[in-house]
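Listed below, chain by chain, are the residues.
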Amino acid sequence: QKEVEQDPGPLSVPEGAIVSLNCTYSNSAFQYFMWYRQYSRKGPELLMYTYSSGNKEDGRFTAQVDKSSKYISLFIRDSQPSDSATYLCAMSASKNNAGNMLTFGGGTRLMVKP
Amino acid sequence: GAVVSQHPSRVICKSGTSVKIECRSLDFQATTMFWYRQFPKKSLMLMATSNEGSKATYEQGVEKDKFLINHASLTLSTLTVTSAHPEDSSFYICSARTNEGRFFGPGTRLTVL
């Protein structure tokens, strides 16, 4: 079993839909959780960075962490075709910001159709 | 967020040659940088951790003599792929951290003919 599981998709939604992307993990030591967006042939772009359980909102994006269930989510409201990309979750056990060891999910490919 | 740049963005070389990839932190200092490799439709695979002023730490299975890393300053780390072969063709991405998270460069696509 992988430390971080993420459905590879592809996830296809119509423009304007609410998108829910999820990751589950097995290491209870993980405390820092990140979501990255990666366009084809580009480096990952940090979207959200959260610490421990709870919600964090930034524009159309909401990150949610449930440590008791070892489950994190990224919600995208009013999805746009420009949101079409691969979304990677990542997490770390280090207390020093994002630490050295970052464990990635496999990524979910999202397609938002006009 | 913090900005990490990479150069070149794309390189094509002949088998047997060496290729150097630069990674720079543009608006912050990075004592530690990370080098990743990514295959098509796959997630990132950590190759090595680059430490300013000291030797890099390589992940298991990554040949240190094949992938030379130099972190000469707080804003620059370089990865040199020595005697490149077609199987080294891949997307190489560097990363650096700040208190606000881990930031990645735009990547370098290496094609070895």
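Every value quoted in this text rests on a predicted model; they were computed, and no experiment measured them.

**Q** Explain the pairing of strand 6 (residues 54–58) of chain A to me, please; I cannot follow it from the model alone.
**A** Regular strands have side chains that alternate between both faces of the sheet. All names here are of chain A. Here strand 6 pairs with strand 7 (residues 61–66) via 5 bridges, running antiparallel. Following the sheet pairing, Asp58 is matched in strand 7 by Phe61. Counting the residues between successive antiparallel strands, the hairpin from strand 6 to strand 7 contains 2 residues, one of them, Gly59, with a positive phi of roughly 65°.

**Q** Teacher, can you tell me more about the pattern of salt bridges here?
**A** A pair can form between side chains of opposite charge whenever their charged atoms are brought close. All names here are of chain B. If you walk through the whole model with that rule in mind, you get 5 salt bridges over all chains. The residue Glu22 makes a salt bridge to Arg24 at a minimum N-O spacing of 3.5 Å. By relative accessible area, which is 34% here, Arg24 ends up partly exposed.

**Q** Just checking my understanding: could you explain the interface of chain A and chain B for this structure?
**A** Note: interface size is frequently given as the accessible area lost on complex formation between the parts. The interface is formed by 20 residues belonging to chain A together with 21 residues belonging to chain B. Regarding the contact of chain A and chain B, the summed buried area is about 1,600 Å², with carbon and sulfur atoms giving 53% of it. Summed over the shared surface of chain A and chain B, the number is 0 salt bridges. Taken together, the links from chain A to chain B amount to 4 residue pairs in polar contact (both at pLDDT 80 or more). Elements with a contribution of two residues or more to the side of chain A that touches chain B: strand 4 (32–38) and strand 5 (45–51) of chain A. Split into classes, the residues belonging to the side of chain A that touches chain B amount to 10 nonpolar, 8 polar and 2 charged.

**Q** Please clarify how the side chain of Arg102(B) should be interpreted in this entry.
**A** Residues and elements named next belong to chain B. Position of Arg102 among the secondary structure elements: in strand 10 (residues 101–104). A distance of 2.9 Å separates polar atoms of two side chains, one belonging to Arg102 and the other to Tyr36. Here the side chain of Arg102 touches Ser95 through a polar contact of 3.5 Å, side chain to side chain.

**Q** Sorry if this is basic, but what is going on with the sheet that holds strand 1 (residues 4–7) of chain B here?
**A** Hydrogen bonds between backbone groups are what pair the strands of a sheet, and the pairing can be parallel or antiparallel. Residue and element names in this part refer to chain B. If you walk across this open sheet you meet the 4 strands as 1-3-8-7, and the pairing is antiparallel. Since the sheet does not close on itself, it has two edges, and those belong to strand 1 and strand 7 (67–73), each with one partner. Strand after strand, the sheet turns through a mean of 20° between neighbouring axes, direction not considered. Pairing geometry for strand 1 and strand 3 (residues 19–25), over 4 bridges, is antiparallel. Paired with Gln6 across the two strands is Cys23, which belongs to strand 3.

So, how was this worked out
- Residues numbered from 1 in each chain as written.
- Chains lettered and ligands numbered in written order.
- Predicted model: local features only at pLDDT ≥ 70, side-chain atom pairs only at ≥ 80, totals over all residues.
- Heavy atoms only, no water.
- Pairing = 2+ DSSP bridges.
- Helix = DSSP H or I, 4+ residues; strand = E, 2+ residues; numbered from the N terminus.
- Salt bridge = Lys/Arg side-chain N within 4 Å of Asp/Glu carboxyl O.
- Buried < 20%, exposed > 50% of the residue type's maximum accessible area, 1.4 Å probe, protein only.
- Contact = heavy atoms within 4.5 Å.
- Buried area = accessible area lost by both parts, 1.4 Å probe.
- Polar contact = N/O pair within 3.5 Å; in protein donor to acceptor, adjacent residues only side chain to side chain.
- Nonpolar A, V, L, I, M, F, W, Y, C, P; charged D, E, K, R; others polar.
- Axes fitted to C-alpha atoms, helices over the stretch in contact; angles between N-to-C directions.

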